[in-house]
Amino acid sequence: IVIGFVPSTLYGALPDVIRAFREAQPAVELSLIEMFTLEQLGALKGGRIDVGFGRLRFDDDQLVREALIEEKLIAALPVGHPLADPERPLTLADIANETLIVYPSTPRPSFADQQLSALRDGALVPAAVHEVRELQTALGLVAAQVGVSLVPESVEGVRVRGVVYRRLPEPTATSPIIMSRRLHGESAATSAFCAIAREMIVPVG
């Protein structure tokens, strides 16, 4: 079976799911392809992948889409920045006063729009927006003090010199991990993989 995924899902439980499936089904060949959520939808309908893991909500009558978790967003901040002080309260309003580094810049809609929506849902507008292609670039620019970013909490395990992570109090600042598959013609191996994913991709804490 072939699995499509957006890169940020690899920082959470997805690698554990892949290992558990390989142990449970050693005779099944498993392939992994990095692709944006929009690309996954077309690849599923075209039969190029069997399961997709993305972060965007879309309705499609040819696909089954399950939100496995709502992952909290956290702030990625430059070391030494006033907002990085753990003794100081931090809110999305503080983030909105900074240059917000969002990713990916294309294709849209994407996780970038979820970052911006986290502010818009609180009637907030970032002072400036800097778009980049991928997470690692965003974190590098945060370290360079170009701005700040909002990332899924599983990214907290990614240690980048010059970057600190802080939690936010707003409960609405989240990003889902959504598992997608075709509505019809699912193989036994695909069903088994999805069952393991449901069991292992669960909210932190």
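Please read these numbers as outputs of a predicted model, since none were measured by experiment.

The rules behind the values
Residues numbered from 1 in each chain as written. Predicted model: local features only at pLDDT ≥ 70, side-chain atom pairs only at ≥ 80, totals over all residues. Heavy atoms only, no water. Core = buried A, V, L, I, M, F, W, Y, C linked by side-chain atoms within 4.5 Å. Buried < 20%, exposed > 50% of the residue type's maximum accessible area, 1.4 Å probe, protein only. Helix = DSSP H or I, 4+ residues; strand = E, 2+ residues; numbered from the N terminus. Contact = heavy atoms within 4.5 Å. Phe/Tyr/Trp six-rings, centres within 6.5 Å; stacked < 30°, edge-to-face > 60°. Polar contact = N/O pair within 3.5 Å; in protein donor to acceptor, adjacent residues only side chain to side chain. Pairing = 2+ DSSP bridges. Right-handed = clockwise from strand over helix to strand, strands pointing away. Axes fitted to C-alpha atoms, helices over the stretch in contact; angles between N-to-C directions. Parallel < 35°, antiparallel > 145°, perpendicular 65-115°, else oblique. Left-handed = near helix turned anticlockwise from the far one by under 90°. Nonpolar A, V, L, I, M, F, W, Y, C, P; charged D, E, K, R; others polar. Salt bridge = Lys/Arg side-chain N within 4 Å of Asp/Glu carboxyl O.

**Q** Where do I start with the nonpolar core in this structure?
**A** Side chains that are nonpolar tend, in soluble globular proteins, to be buried together. Judged by nonpolar contacts, the single largest core of 34 residues is most densely connected at Leu77, Ile95, Leu100, Leu139, Val151 and Tyr165. Looking at this core, the elements that each hand over two or more residues are β4 (63–78), α3 (92–96), β5 (99–102), α4 (111–120), α5 (135–143), β7 (149–152) and β8 (163–166). Residues in contact with Leu100, not counting those within four places in the same chain, are Ile95, Gln115, Leu116, Leu119, Pro126, Ala128, Val129, His130, Val148, Ser149 and Leu150. In terms of nonpolar packing, the next biggest core, distinct from the first, is built from 20 residues, Ile18, Phe21, Leu30 and Ala197 among them.

**Q** What am I meant to see in the packing of aromatic side chains here?
**A** Pairs of aromatic rings are described using the distance from one ring centre to the other and the angle between the two planes. Using the criterion set out here, one finds 3 aromatic pairs in the structure. With 5.4 Å between their ring centres and 75° between their planes, Phe21 and Phe193 make a pair best called edge-to-face. A residue pair is termed long-range when its members are at least 10 positions apart, and Phe21 in helix α1 (residues 14–24) and Phe193 in helix α6 (residues 188–200) qualify at 172 residues. For Phe193, a relative accessible area of 0% translates into the label buried. Between Phe53 and Phe193, the aromatic rings sit 6.1 Å apart at their centres with planes inclined by 65°, giving edge-to-face as the arrangement. Taken as a pair, Phe53 in strand β3 (residues 51–54) and Phe193 in helix α6 lie far apart in primary sequence, 140 residues in all. For the pair Phe53 and Phe193, a shared accessibility class is recorded, and that class is buried. Members of the aromatic cluster, each reached through a chain of ring pairs, are Phe21, Phe53 and Phe193.

**Q** It is not clear to me how the side chain of Arg181 should be interpreted in this structure. Could you clarify?
**A** Relative to the elements of secondary structure, Arg181 occurs in strand β9 (residues 174–182). At a separation of 2.4 Å, a polar atom in the side chain of Arg181 contacts the side chain of Glu66. For Arg181, the side chain forms a polar contact with the side chain of Glu186, separated by 2.6 Å. Contacts of Arg181, omitting those with residues within four sequence positions, involve Leu44, Asp50, Leu63, Val64, Glu66, Glu186, Cys194 and Arg198.

**Q** What exactly am I supposed to notice about the environment of Glu70 here?
**A** Looking at where Glu70 falls in the secondary structure, it is placed in strand β4. Using a relative accessible area of 36% as the deciding quantity, one classes Glu70 as partly exposed. Taking the C-alpha atoms as reference points, Glu70 and Pro176, 106 residues apart in sequence, are found 4.2 Å from one another. Beyond its immediate sequence surroundings of up to four residues, Glu70 is in contact with Arg57, Thr174, Ser175 and Pro176.

**Q** Whenever I open this one, the pairing of strand β1 (residues 2–5) confuses me. Can you help?
**A** Regular strands show a simple pattern: their side chains alternate between the two faces of the sheet. Burial along β1 is two-sided: the residues Val2 and Gly4 and Ile3 and Phe5 are all buried. When β1 meets strand β2 (residues 31–34), the two strands line up parallel, connected through 4 bridges. Within β2, the position partnered with Gly4 by the bridge is Ile33. In terms of handedness, the path from β1 via α1 over to β2 forms a crossover that is right-handed. Note that β1 and β3 share 3 bridges and pair parallel. Bridging from a neighbouring strand, Ile3 pairs with Val51 of β3.

**Q** Hey, could you run me through the packing of α1 against α6 in this one?
**A** The relative placement of two packed helices is expressed as an angle between their axes plus a distance between the axes. Between α1 and α6, whose axes approach to 9 Å, the crossing angle comes to 135°. By the criterion of interaxial angle, the relationship of α1 to α6 is oblique. Pair α1 / α6 crosses with right-handed handedness. Along its contact with α1, which presents Leu14, Asp16, Val17, Ile18, Ala20, Phe21 and Ala24, the element α6 presents Ala189, Ala192, Phe193, Ile196, Ala197 and Met200. Within the contact of α1 with α6, the residues separate by chemical class into 12 nonpolar, no polar and 1 charged.

**Q** Please explain the pattern of salt bridges as it appears in this structure.
**A** Oppositely charged side chains may form a pair once their charged atoms are brought near each other. Evaluated as defined, the whole model comprises 12 salt bridges. Of the charged contacts, one joins Arg198 and Glu66 as a salt bridge, the two residues approaching to 2.8 Å between their closest N and O atoms. In this pair, Arg198 sits in helix α6 while Glu66 sits in strand β4, placing the two residues 132 residues apart along the sequence. Where Glu156 meets Arg167, a salt bridge forms, and the shortest distance between an N and an O atom there is 2.7 Å.

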